[in-house]
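This is what each chain is made of:
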Amino acid sequence: MKKSVDSPTGRLLAGLAVTLAAVGIFSFYALRQIRGLKDLQTRIVDRNRKDSLQLLRIQKDLNDLRIAMRDMLSGDERYPLSAWKKQFEGTRNDLDDALRLEAQLAPVERDPNGQRYLAGLLAQFWTSVERMFAVAAQGNDRAARDQIRNLETQEGGLTSAVAHLLIENNEAEQDAAARIQSIYLGVERNVYLFLAAMLVAIFATTLYLIYSNRRLFQHLAAVSEHRSDLARKLITVQEETLHSLSRELHDEFGQVLTAIGAMLRRAEKRLPGDSPFCTDLREVREVAQATLEKTRNLSQLMHPSVLDDGGLVKAIDWYLPVFEKQTGIKVRYEKQGAGPAITDRVAIHVYRVLQEALNNLARHSGSPLAVVRLEFPPGRLSLEVEDRGTGMPESSNGGARRRGIGMTAMRERAELLHGSFEISRAGEGGTLVRLDVPLTDSYEQ
């Protein structure tokens, strides 16, 4: 009952529900305001700008017509007035296209009478233009020029109408900008209020979590310490067991099998050479000899005697050819520096890490090559095992590596030596296992 009362889960879930509700309400409000801004941007601002571009296009075409009519009145050109008809027709087509697009893009808020008035003025203008060119085609240039002066007046009216529409668009855009600014200010104010409320909630929740989790962290620290002690004891027991079994296999079973082989050899010598039983004894002796060799190899794999007699470097020199022969995987051994005197405690852990890394390589990588690097920087030992295979297997929950017992044991051994252990992608594909430990005597006992 006490654990149920002291558990922060209920209060945290209630706080989370309130926070999520506040976030949901504010998100709905913010999305609604953004939707309003988007509507203003699309319905008024962007539409006004596109419409204004078409009005400017119309204004440019009217200016081109005004310049053309001025040139026609000046009489400086040697061409007849009817020669300008093609230019007027091209400008008319562009004006009609611009007027059509402008009618499609006209802002909803703008009075449509202004656009209709412009279209009416333009229709009257083109009627007058056709009449002017008809008179010019009859060779009456003087009457045609009088009509051109009338066209200039009509063109002025068109320009004024276009300018009026541009002013209306500008006013509508300014009004939309003011509305957008008002929405921005409102959203900004509410964002500040929301952030202040969230900061208060986060601060209160943080204080509560610190208070509630302090005891949990203390408990976890104690559990972690117990786990580390248990891991050290398990590894120590494992090494002692393997060492004992290795010695028993080598001393007891090895001596027994050696004695059996010697007894069989003496028995074979006492029998006649052509005796069929002599052949059977020879076969039994060969089986005993093969069993002796397997027993010695198993004893060496459990705890190589060369590790006790010659140290870590010689043990690695002995083990790599054995691994290469057993698995068929080529091993490239790179050693840099002369290793200092390494204690038995460090040697056995480094050797086990190398052994486990190579066993994992043989089981999972599918690599035909293993690269082992042993370096001795000042006061440290660095061991790397690299392959060119498929890499570490991944779990189905998104790519996290599965940690087996062997992987965990390697990490525990590195921690026991106050070193670091990591697994990463090799530069040329495959997996790189790296162990780095200090060569000191300050390890925990």
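Notes on the structure follow. Source: prediction; values computed, not measured.

1. Remarks on the pairing of strand β2 (residues 369-375)
Counting buried residues in β2 gives six out of seven residues, a clear majority hidden from the surface. Here six bridges tie β2 to strand β3 (residues 380-387), and the two strands are oriented antiparallel to one another. Across the sheet, residue Leu-374 finds its bridge partner in β3, namely Leu-383. The turn joining β2 and β3, which pair antiparallel and follow one another in sequence, is formed by four residues; a positive phi near 75 degrees is taken by Gly-379.

2. Details of helix α4 (residues 112-137)
Across its 26 residues, α4 extends 38 Å between first and last C-alpha, which sits within 8% of the 38 Å expected from 1.5 Å per residue. Where α4 ends, the next residue or the one after it, Gly-139, has phi of about 90 degrees, a positive value.

3. Looking at a nonpolar patch on the surface
A grouping of Leu-13, Leu-16 and Leu-20 is seen on the molecular surface, where their side chains present a nonpolar patch of about 300 Å² in accessible area. With respect to the element layout, Leu-20 can be found in helix α2 (residues 9-74). Assessed through its relative accessible area of 54%, Leu-20 is described here as exposed.

4. A short note on the nonpolar core
Counting residues in hydrophobic clusters, the biggest one holds 36 residues, and the most contacted among them are Leu-312, Val-350, Leu-358, Leu-381 and Phe-421. Those elements that provide at least two residues to this core are α8 (312-327), α9 (344-365), β2, β3, α10 (405-416), β4 (420-425) and β5 (431-438). If near-sequence neighbours (up to four positions away) are discounted, Leu-381 is found in contact with Leu-312, Ile-342, Val-350, Leu-374, Glu-375, Phe-376, Leu-435, Asp-436, Val-437 and Leu-439. Listed in part, the 31 residues of the second largest apolar core include Ala-98, Phe-125, Trp-126 and Val-129.

Reading the values: the criteria
- Residues numbered from 1 in each chain as written.
- Predicted model: local features only at pLDDT ≥ 70, side-chain atom pairs only at ≥ 80, totals over all residues.
- Heavy atoms only, no water.
- Buried < 20%, exposed > 50% of the residue type's maximum accessible area, 1.4 Å probe, protein only.
- Helix = DSSP H or I, 4+ residues; strand = E, 2+ residues; numbered from the N terminus.
- Pairing = 2+ DSSP bridges.
- Expected span 1.5 Å × (residues − 1).
- Patch = residues over 30% accessible without salt bridge, like charges linked within 9 Å, V, L, I, M, F, W, Y side chains within 5 Å.
- Areas by Shrake-Rupley, 256 points an atom, 1.4 Å probe, with all protein chains shown as cover.
- Salt bridge = Lys/Arg side-chain N within 4 Å of Asp/Glu carboxyl O.
- Core = buried A, V, L, I, M, F, W, Y, C linked by side-chain atoms within 4.5 Å.
- Contact = heavy atoms within 4.5 Å.

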